[in-house]
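One-letter residues, chain by chain:
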Amino acid sequence: MAEAAFFVPEAWRCRDTGQEGTFVHLHVHSAYSLLRGVCRLEALIQRVVAEGMPGVAITDWANLYAAIRFVRLAKEAGIRPILGAQIPLVEESPQRPSRGDPPAVVLLAESEEGFRGLIRLVSLAHDGPEVGVSWEAVKAHAPGLFLLSGGAEGPVDAALARGDTERARDWLRRFVEVFGPNRAWLEVQDDGSERGRLSHYRLVSLGEEYGLLPVATADVHYIDPEDAPLARVVQALRQGDDGAPPPSPSPRWFASSAEMRARFAHLPQAVNAALEIAERCRVELPLGRVLLPSFDVPGGESPDGYLRRLCQEGLRQRVGDPIPTSYRDRLEHELSVIARMGFASYFLIVWDFIRYSRERGIATGPGRGSAAGSLVAYALGITGVDPVRHHLLFERFLNPERVSMPDIDIDFEDERRFEVIDYVAQKYGQDRVAQIITFGTMAARAAIRDAGRVTGLPPALVDRVAKLVPASLGITLDQALVEEPRLRALKDENEQVRTLLTVAKGLEGLPRHTSTHAAGVVIAPSALTDIVPVQRTPEGGLITQYDMASLEAVGLLKMDFLGLRTLSIIEHTRELAGERLGHAVEIDEEYTDPKTYELLGRGDTDGCFQLESSGVKHVLRDLQPNCFEDIVAVISLYRPGPMENISRYIDAKHGRVPVHYPHPDLEPILRDTYGIVVYQEQIMQIASRMAGFTLGQADVLRRAVGKKKREVLEQQRAAFVAGCLRQGHPRDLAEELYDLIVRFADYGFNRSHAVAYAVLSWRTAYLKAHYPAEFFASLLSAAMASADKVAQYVEEAFQRGIEVLPPSVQTSGAGFTVTEDGKIRFALGAIKHVGQAAVQAVLGARRAGPFHSFEDFLSRVDHRACHRRTVEALIRAGAFDELGENRDELLGRLERESHWGGGGAQLTFFGEESPGRRASSENEQEKIRHEKELMGLTFTGARVYIRVKRGGPDTLKQLGQVLARHPGSWRVRLVRSSRDVRELGDRWRVQPGPGLTSDVEALLGESSIVYHLT
């Protein structure tokens, strides 16, 4: 068989490798084929360069997840990235084994048009019940694409393997009809057998009938031969197999050029064909663009003009008319930068969906990130922080000397975030708006468990090894071996453990599955599939196949629509307080309220945004904040690194140490932080004030210094020192200030972000100080999914003298509510096994009036929504106690109601025989156990702990008189020391409340009474 003549450029024949010729792999699965390949992109590119190959293709299974990252890495390495995908043909699915994949072809993009077609095909592949496309879809998007027949996994080889030559011919005819003989090739692969090589001649002979030539590929799934066991493990994970996986029938490693030429010495033209195809694939992706959707401006006005008008109107409303000069000048500066950078439409898009949110009563946050430094954003109502008042810098957000897309992230109340996303999708088009993909990777423990499952090692051993990995966020196996000596010892002494950890190490960090970014939303100027590949989630939502970084590279508008529970808590608190008081509740936004500062000074900040940790509470008690700046500083300082300055900040605030400024000109910049550099903006201001930098140049300095690259540090030092000298400052001061900037570059916090979040901290603290019952009710409603949090907040409510009442079918709501006398009623929705449908059924039936008896409840509530298991949970939780009947008796009567599932003894969800068949009533311990199982706490077994530090018989006598004034059902325990705790008799049971708390604390001192329900 004569070798076909191919044009192969001289530069492609050998790149200093000493080989007779080179090769390009055109069928390669990266790790982004998701449990099909294990080639990590960085390692793959390194191998291509080491082999002297001029390029390489990525052909992941039905996706382009890695496309942009692959292109960037390849360009950096000086090799050609060839973009492709292996596309399953689902119309062939009836002829494959039930567990197998559809036959698939490999498509490579020859041109930009071909890449757009590939984008649409991989998007279509994920738009149905099965991953894949029809041949008609391939035909529709064929221009600009090359086709490889798919090799062993392709439709031609599959047909020949079944002995169906006519079906194979049919596919060859299709290939030629759609792609022609110059854009379609028969893929030949080598399994190392003589039989396999003979099949090559058969395939080539068949192809010659249709003018199709062969091309050699290796169907690469891993890089080195030693990685074959890891690849088999990954395959077993994908197929859900347990036990040791079988060996692969063919070599799938990244073979060298010499290996490929040796494998196909009988078909040298097939090797050369790979070079020809690679040379013809010349796709240049346009990265670094800005692809903003257009905003429909009313009345034919320009986006810049409309933005200016909206800002002026908004600013008059916020700061008064006429607009003060400082605000007017700042606004003009920002608008000129936005116009010059072409971002007016961006701001209008954000303004529009924020306007929609406000009109619908959807709460938005005061700001997040550097956007709070923009006066334009403040004037438009995008943020709620006045950047002039709080000394925030626009250049930290949008720098005219470093062109990049603005990044405005928005907090919405968590329960209504999706309403805003739906609005954006409807306004700009469902095909132009999507959420953003993320990839779940195998963490250390998960990698060990997966490796153990598919390698057949004893489960007990695998579990033991996995549990030895420290439970630290993001810990790697290497770090675990350093930190945990028992894991090291086990590895050293046990061969099975060494094998397990070797396989797990290979799995660690590999992408395992796709997911949806918690907040990211992308908006395109045209159909997304004109620009990026997309796919459907199992729930039917649309997500991009590119991750956040790749979307930014192609220039699409990306925003974070974050759901913030705190906003829901604030709105719910104001709503509850307004209902009880009969008027709207306002929050002091001047930040002067003494009661709020008293609460902060006590460290009474459970439930207060960003201030809940024990460490922050300790700082607040030491600091005794008395101004808003203190809250901003606490949020900024309480982080690794800056924490070392907390004591100095506190001491300086209280005058215990002197405040030092490196130069008098820095006092206005560092005065509020007592001479300490706390914020990134302060670094920028120092550079501006002392070295004469523009704020844009200062921001470039801040970013550059933060990267800690030696050459960059020296360049910036020279520029900074030269600037200081021009300003008339001595060199030693310039060097000292630059060292200060470098030292604090890692520690400095974004002040814009800190101020915006301090606003939320203040609002939550203010509401807790002034409307504690409503605040705790809102906090509890938001925490209903966590029984531990519910118990924590209920106990704290009691501690503050706010009584929490047990659940009641007569008065409880879906969430926690507040009674007219300021008590909190436990939520029906917080009871385990009581779902929302059941709650709504109870509330719906109750609208006709209170329930007169248990049977009345059963007759009025829809048993299809509120079934027997739910009613049993309500009984066990005490929700029927107000009817005055024994819980066991109610359970027995429920058992006898046939339409509620009664009529005979059966096991309940507690694993006990149904109470209708029991002879004795449940005792108090059973009640307590059931309440804890259902609510995470117990009202029946609640205890009041009273700490008596000192005092004799008279003190105890006085305490007895106090307790007698508050009779109730809670048991009392006296605590003299950790070893001296005794429970008082039944005659001393009390009713908790503000009266009891204040009376006990008046006698025994503050914090002498503790409520415990768990």
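- As annotated in an unreviewed UniProt entry, the chain is DNA polymerase III (Alpha subunit), DnaE3 from Kyrpidia spormannii.

## Re the overall build of the chain
Point 1. Summing up its helical and strand segments, the chain has 41 helices and 19 strands in all.
Point 2. Along the first, second and third principal axes, the C-alpha set of the chain runs to 115 × 90 × 70 Å.
Point 3. Contacts in the chain between residues at least 24 apart in sequence constitute 73% of all its contacts with a sequence separation of at least 6.
Point 4. Total accessible area on the chain is roughly 42300 Å²; 48% of this is exposed by carbon and sulfur atoms.

## Re the environment of Gln 269
Point 1. Mapping Gln 269 onto the fold places it in helix H10 (residues 268–280).
Point 2. We classify Gln 269 as buried; its relative accessible area is 5%.
Point 3. Separated by 494 residues in sequence, Gln 269 and Arg 763 place their C-alpha atoms 74 Å apart.

## What to know about the packing of aromatic side chains
Point 1. Counted by the stated rule, this structure contains 32 aromatic pairs.
Point 2. A centroid spacing of 6.4 Å and a plane angle of 50° characterise the contact between Phe 353 and Phe 412, whose relative ring orientation is tilted. One end of the pair, Phe 353, is in helix H13 (residues 344–359); the other, Phe 412, is in strand S7 (residues 410–413), and 59 residues separate them in sequence. As far as the burial class goes, Phe 353 and Phe 412 line up, both buried.
Point 3. Measuring from ring centre to ring centre gives 5.8 Å for Trp 970 and Tyr 1011, while their planes differ by 80°; the resulting arrangement is edge-to-face. Here Tyr 1011 lies in strand S19 (residues 1009–1012) and Trp 970 lies in strand S17 (residues 967–977), a separation of 41 residues in the sequence. Tyr 1011 carries the same exposure label as Trp 970, and that label is buried.
Point 4. Every member of this aromatic cluster is reached through a ring pair, and the members are Trp 135, Trp 171, Phe 175 and Phe 179.

## Quick word on unusual backbone geometry
Point 1. The omega angle of the peptide bond from Asp 321 to Pro 322 is 5°, so this bond is cis rather than trans.
Point 2. Topologically, Pro 322 is positioned in the loop between helix H11 (303–319) and helix H12 (325–341).
Point 3. The phi torsion at Leu 34 lies on the positive side, around 55°, for a residue other than glycine.
Point 4. Topologically, Leu 34 is positioned in the segment before helix H1 (41–50).

## Here's the deal with the sheet that holds strand S15 (residues 824–825)
Point 1. The mixed open sheet is built from three strands, whose spatial order is S13-S15-S14. The sheet is open, and its two edges are formed by strand S13 (804–805) and strand S14 (817–818), each paired on a single side.
Point 2. Where S14 lies against S15, two bridges are found, and the strand directions are antiparallel. If you follow Val 818 over to S15, its bridge partner there is Ile 824.

## Re the packing of helix H37 (residues 868–876) against helix H38 (residues 887–896)
Point 1. The N-to-C vectors of H37 and H38 enclose an angle of 170°; their axes lie 9 Å apart at closest approach. On the basis of the axis angle, H37 is roughly antiparallel to H38. Each of Arg 868, Val 871, Glu 872, Ile 875 and Arg 876 in H37 lies in contact with H38, whose residues at this interface are Arg 887, Asp 888, Leu 890, Leu 891, Leu 894 and Glu 895.
Point 2. Split into classes, the residues belonging to the contact of H37 with H38 amount to five nonpolar, no polar and six charged.

## A short note on the side chain of Arg 989
Point 1. Counting through the fold element by element, Arg 989 comes out in the loop between strand S18 (980–983) and helix H41 (994–1004).
Point 2. You can call Arg 989 buried: its relative accessible area is 18%.
Point 3. A polar contact is formed between the side chain of Arg 989 and the backbone oxygen of Ser 969, at a distance of 3.3 Å.
Point 4. Not counting residues up to four positions away in its chain, the partners in contact with Arg 989 are Glu 924, His 966, Pro 967, Gly 968, Ser 969, Trp 970 and Arg 971.

## Quick word on the environment of Arg 316
Point 1. Within the fold, Arg 316 resides in helix H11.
Point 2. Residue Arg 316 is classed as partly exposed on the basis of its relative accessible area, which comes to 35%.
Point 3. Spatially, the C-alpha atom of Arg 316 lies 8.4 Å from that of Ala 379, the residues being 63 residues apart in sequence.
Point 4. Every residue in contact with Arg 316, bar those within four places of it in the chain, is listed here: Asp 321 and Ile 323.

## Regarding the confidence of the model for the chain
Point 1. For the chain, the average pLDDT comes to 88, and 93% of its residues sit at 70 or higher.
Point 2. Note on residues 902–920: pLDDT is under 50 here. Beyond four places in sequence and across chains, it has 49 contacts.

## Overview of the nonpolar core
Point 1. Residues Phe 628, Ile 831, Phe 857, Leu 874 and Ile 946 are the most contacted members of the largest nonpolar core, which totals 120 residues.
Point 2. At 12 residues, the largest contribution of residues to this core is made by helix H32 (residues 751–770).
Point 3. Once residues within four sequence positions are removed from consideration, Phe 857 is found in contact with Val 809, Val 842, Phe 851, Cys 866, Val 871, Leu 874 and Phe 880.
Point 4. Core analysis: the next-biggest nonpolar cluster, separate from the first, contains 110 residues, Tyr 32, Ile 119, Leu 285 and Met 548 among them.

## Some remarks on the pattern of salt bridges
Point 1. All chains considered together, the criterion is met by 69 salt bridges.
Point 2. A salt bridge links Glu 359 to Arg 355, with the nearest nitrogen and oxygen atoms 3.1 Å apart. Taken together, the residues span about one helical turn, with Glu 359 and Arg 355 both in helix H13 at a distance of four residues.
Point 3. Accessibility expressed as a relative area gives 26% for Arg 355, which makes it partly exposed.
Point 4. As a salt-bridge pair, Arg 416 and Glu 419 come within 2.8 Å of each other at their nearest N and O atoms.
Point 5. What makes Arg 416 partly exposed here is its relative accessible area of 22%.

## Thoughts on the pairing of strand S16 (residues 943–947)
For a regular strand, side-chain orientation follows a simple rule: the groups alternate between the two sheet faces.
Point 1. Summarising the sheet, S16 and S17 pair through five bridges and their orientation is parallel. Considered in S17, the bridge of Arg 943 is made with Arg 971.
Point 2. Here S16 runs beside S19; their pairing, made up of four bridges, is antiparallel. Considered in S19, the bridge of Arg 943 is made with His 1012.

Definitions and limits used
Counting from 1, residues in each chain are numbered in the order their sequence is written. It should be noted that, the model being predicted, local features are given only for residues of pLDDT at least 70 and side-chain atom pairs only at 80 or more, the latter also being counted only at that level, while totals for whole chains, interfaces and linings use all residues. The side-chain values count all of the structure's non-hydrogen atoms but skip hydrogen atoms and water molecules. Numbered from the N terminus, helices here are DSSP runs of H or I no shorter than four residues, and strands are runs of E no shorter than two. In what follows, a contact means two residues having at least one pair of non-hydrogen atoms within 4.5 Å. Residue exposure ignores everything except the shown protein chains as possible cover, and the areas themselves are Shrake-Rupley values with a 1.4 Å probe. Whether a residue is buried, partly exposed or exposed follows from its accessible area with a 1.4 Å probe, protein chains only, as a fraction of its type maximum: under 20%, in between, or over 50%, in that order. Only the six-membered ring of Trp is used, alongside the rings of Phe and Tyr, when aromatic pairs are assigned; centres must lie within 6.5 Å, and planes under 30 degrees apart are stacked while those over 60 apart are edge-to-face, with the rest tilted. Whether two strands pair depends on DSSP finding at least two bridges between them. Fitted lines through C-alpha atoms serve as axes, helices being fitted only where they are in contact, and the angles separating the N-to-C directions of these axes extend from 0 to 180 degrees. Any angle from 65 to 115 degrees is called roughly perpendicular, while one under 35 is roughly parallel, one over 145 is roughly antiparallel, and all others are oblique. When residues are sorted by character, Ala, Val, Leu, Ile, Met, Phe, Trp, Tyr, Cys and Pro go into the nonpolar class, Asp, Glu, Lys and Arg into the charged class, and all the rest, Gly among them, into the polar class. N or O atoms closer than or at 3.5 Å make up a polar contact, with two conditions inside protein: a donor-capable atom paired with an acceptor-capable one, and, for residues adjacent in sequence, both atoms drawn from side chains. Values of pLDDT, which run from 0 to 100, indicate the predictor's confidence residue by residue. To qualify as a nonpolar core, a set must consist of buried Ala, Val, Leu, Ile, Met, Phe, Trp, Tyr and Cys residues joined through side-chain atoms within 4.5 Å. Just to be clear on terms, a salt bridge is a Lys or Arg side-chain nitrogen sitting within 4 Å of an Asp or Glu carboxyl oxygen.

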